[in-house]
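Report on the structure
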Amino acid sequence: MPNKALTTGLFVLLSVFSSSAQQQQPPAAPQRPAQQPQRPAEQPQPPITFKVEVNYVEIDAVVTDADGNFVRNLTKDDFQIVEQGKPQTLSICSLVDIPVERADAPLFRASPIEPDVRSNRKEFDGRIFVLVLDDLHTLFSRTGQVRAAAKQFVERLGANDIAAIVPTGGNKSGAQEFTSSKRLLLRAVDNFAGRKLRSATLEKVDDYNRQQNIGSGNPPRDQSEAERAHNARNSMATLKNVAEYLAGVRGRRKAVVFFSEGIDYDVMNPIQNQYASDIREETRQAIDAASRSNVSFYGVDPRGLGGLSDEAMELSNLPPDNSLGTTTLQDELRLSQDSLRIISDETGGFAAVNQNDLRTAFSRILDDNSSYYVLGYYSSDERRDGRFRSVEVRVTKPGLRVRARKGYVGPKGRAKETVAANSKTSAALREALDSPVPVSGLGLSVFASPLKGPQPNASVAVTLEVDGTNLKFNNQNDVFTDDVEIAIVAIDQTGKIRDGGHDVMNLRLKPQTHEVVSRTGVRIARRLEVPPGKYQLRVGVRESGAGAVGSVLYDLEVPDFSKSDLSMSGILLTSAYASRIPTANPDPDFKQVLPAQPVALREFPSNDNLALFVEVYDTQVKAPHRVAIKTTILDEAGKALVTTSDERRSEDLQGGKGGYGYQTTLALKDLPPGRYVLRVEAQTLLKDGGTASRELEFRVR
């Protein structure tokens, strides 16, 4: 299957397992068992299947006045939808007007500090992009041009946008799940490398010269035709798969930015080219999937005005009849760019070709996906005939113009069934966990820290904090009851689920505890065991019955702590104020090193005290040495306001490659309200010794 690595991650159907006394001695790293306690084995459950409703149609509409200005004050009553000449009942009319938010870096830093806590407490209000990098149709020598163009687009994204990277050739290191982290997106772009086949014209010229050498009069052939056709089908199938996945995101316009030199197979000549019909059908299926999913393709040719200059330099020993040469190369360029124009124009996007400066095109793409109306309805035509259905969007107010796509392709064949491998995970929670967009129905904050664990795995400490204000308790004789379903999965870069858990938290609270939970929420601690690598944690919660659902996507990088001279876990933070949130199942490993459980809060009152814990891993055992560990609170200008320091001796490790446990307490009473940076640094006091550091942002109110 094309792009299997990322689509597995995107389409995965979840299968989940079910104030303190001062310490007299510096804490050691807590000893964790070689294996976490196992839950009772679950009996195999028969899979659940359910049909996905397919007659829901979404149309984006841009409405402007006579001067071309976008009109923002329209309601459902101002629109009419007509499909195949029949009026439809509009179910949804939503104005989307997305601001471009910029990440706010501290003054002393050139780039923002990525948050170590992710939350859905603010509803997602950004744009959704998938950058499909077509390595199958990019010449290796032009790899740098694609990287530069894709990076330019990523840098233009707002802090509230999310994007994913999908290579067409299945390069796992070049894929990135949906994230708002520009660092992760740019790193995936850096792993892109073109692998396009040589020009068909050059292949025919070579074959012509071979024929001349052996005295054959056969017409020159493209020796790579079959592979060229295979690559074309793969690229179109990738676009189709991405569009089908994005169908699950409703109420938003979705854009696929296709960085490609275009299909390099002549599909306009099916008599001479045996795979032309197959490729045209694959292209049609990609366009159809986009029309059903309300996805727009934007083809971007990074070659610019240079076109096929690299290929032209290779032309030599041409046939005397001019059947092959510069003109043939120009025909190749035109056909490849036409393929970008077709998929873009037919899906409501546009193609950027023959342009050295892509800034205007990228601005247009962002504008296209910033201000519009989303109109949704359930079509009265339930036939599954796979035919195009014309749609007309009208505005009843005079003097206004509406721009919207002209129709969509109806479903075809039997309705697909979705199979859930674990029957205990509710359908509502599965849907939230599958979504690339955080679901905000039930407030949730997540913090995760990698720590050294039983080899070859690391142990990831996960803290979930669920907002209590939306929990709907039942009062039964002064006992307040509620059940909250919790699911978490760790998906690696290949789309494989590495670990996870599924639980139901049965809350049975006395009045006093109920009052606290309703005001502050409830905290849950979890542990995951995963090998080093890059992961996306998908965390979801759902209140019992038809209660609210919430989900968070968390980007997590788990280092190989054995590979560095000196490395550090994440910063585990708590405070007297934060400890007031009840914790349903405290992690016993932290009882000996912290006054309370690690928290996902990053805002504290000015009279609070912070307590932190990190593990510092030292693999340098060849000579006795010391490791200096320093903690600093810096203001926005980079001025150090609070500093604590300590040292550890390598002799304490007794010759092993273990971790130093480091704990310190920081008083906030002298800090005015504002934003601060907490930095923990470790340095080996040896010549050429290793260093390690972590930073996080927090606020004082």
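Right, let's walk through the structure included here.

Each value, and the rule that gives it
- Residues numbered from 1 in each chain as written.
- Predicted model: local features only at pLDDT ≥ 70, side-chain atom pairs only at ≥ 80, totals over all residues.
- Heavy atoms only, no water.
- Core = buried A, V, L, I, M, F, W, Y, C linked by side-chain atoms within 4.5 Å.
- Buried < 20%, exposed > 50% of the residue type's maximum accessible area, 1.4 Å probe, protein only.
- Helix = DSSP H or I, 4+ residues; strand = E, 2+ residues; numbered from the N terminus.
- Contact = heavy atoms within 4.5 Å.
- Polar contact = N/O pair within 3.5 Å; in protein donor to acceptor, adjacent residues only side chain to side chain.
- Pairing = 2+ DSSP bridges.

**Observations regarding the nonpolar core**
Formed by 45 residues in total, the largest nonpolar core has its most connected members in L444, V460, V462, L537, L556 and L572. Broken down by secondary-structure element, the contributors of at least two residues to this core are β17 (444-452), β18 (458-466), β20 (479-492), β21 (497-509), β22 (522-530), β23 (533-543), β24 (549-558) and β28 (609-618). Here this core takes six residues from β18, the largest share from any one element. If we ignore the near neighbours within four places in the chain, the residues touching V462 are V446, F447, A448, I488, I524, A525, R526, L528 and L537. The next biggest cluster of nonpolar side chains, apart from the first, holds 34 residues, and it includes I162, Y245, I263 and I279.

**Considering unusual backbone geometry**
Here Q455 and P456 are connected by a cis peptide whose omega angle stands at 5°. Position of P456 among the secondary structure elements: in the loop between β17 and β18. Backbone geometry at Q84 places phi at a positive 50°, although glycine is not the residue there. Mapped onto the elements of the fold, Q84 is located in the loop between β3 (79-83) and β4 (86-88). For Q84, a relative accessible area of 42% puts it in the partly exposed group. Positive phi values are uncommon outside glycine, yet N294 reaches one of about 60°. With respect to the helices and strands, N294 occurs in the loop between α6 (276-293) and β11 (295-300).

**Remarks on the side chain of S370**
By secondary structure assignment, the location of S370 is in the loop between α9 (359-368) and β12 (371-378). Residue classification places S370 among the buried positions, given a relative accessible area of 9%. Within the structure, the side chain of S370 is placed 2.5 Å from the backbone oxygen of L366, a separation counted as a polar contact. Residue contacts for S370: discarding those within four places in its chain leaves V96, D97, I98 and R127.

**Here's the deal with the sheet that holds strand β29 (residues 626-634)**
Two modes of strand pairing occur in sheets, parallel and antiparallel, and in both the strands are linked by backbone hydrogen bonds. A sheet is described by the order of its strands in space; here five strands give the open sequence β27-β33-β32-β29-β30, paired in mixed fashion. At either margin of the open sheet sits one strand with a lone partner, and together these are β27 (603-604) and β30 (640-649). Across two bridges, the pairing between β27 and strand β33 (residues 691-700) is parallel. Paired with E603 across the two strands is R699, which belongs to β33.

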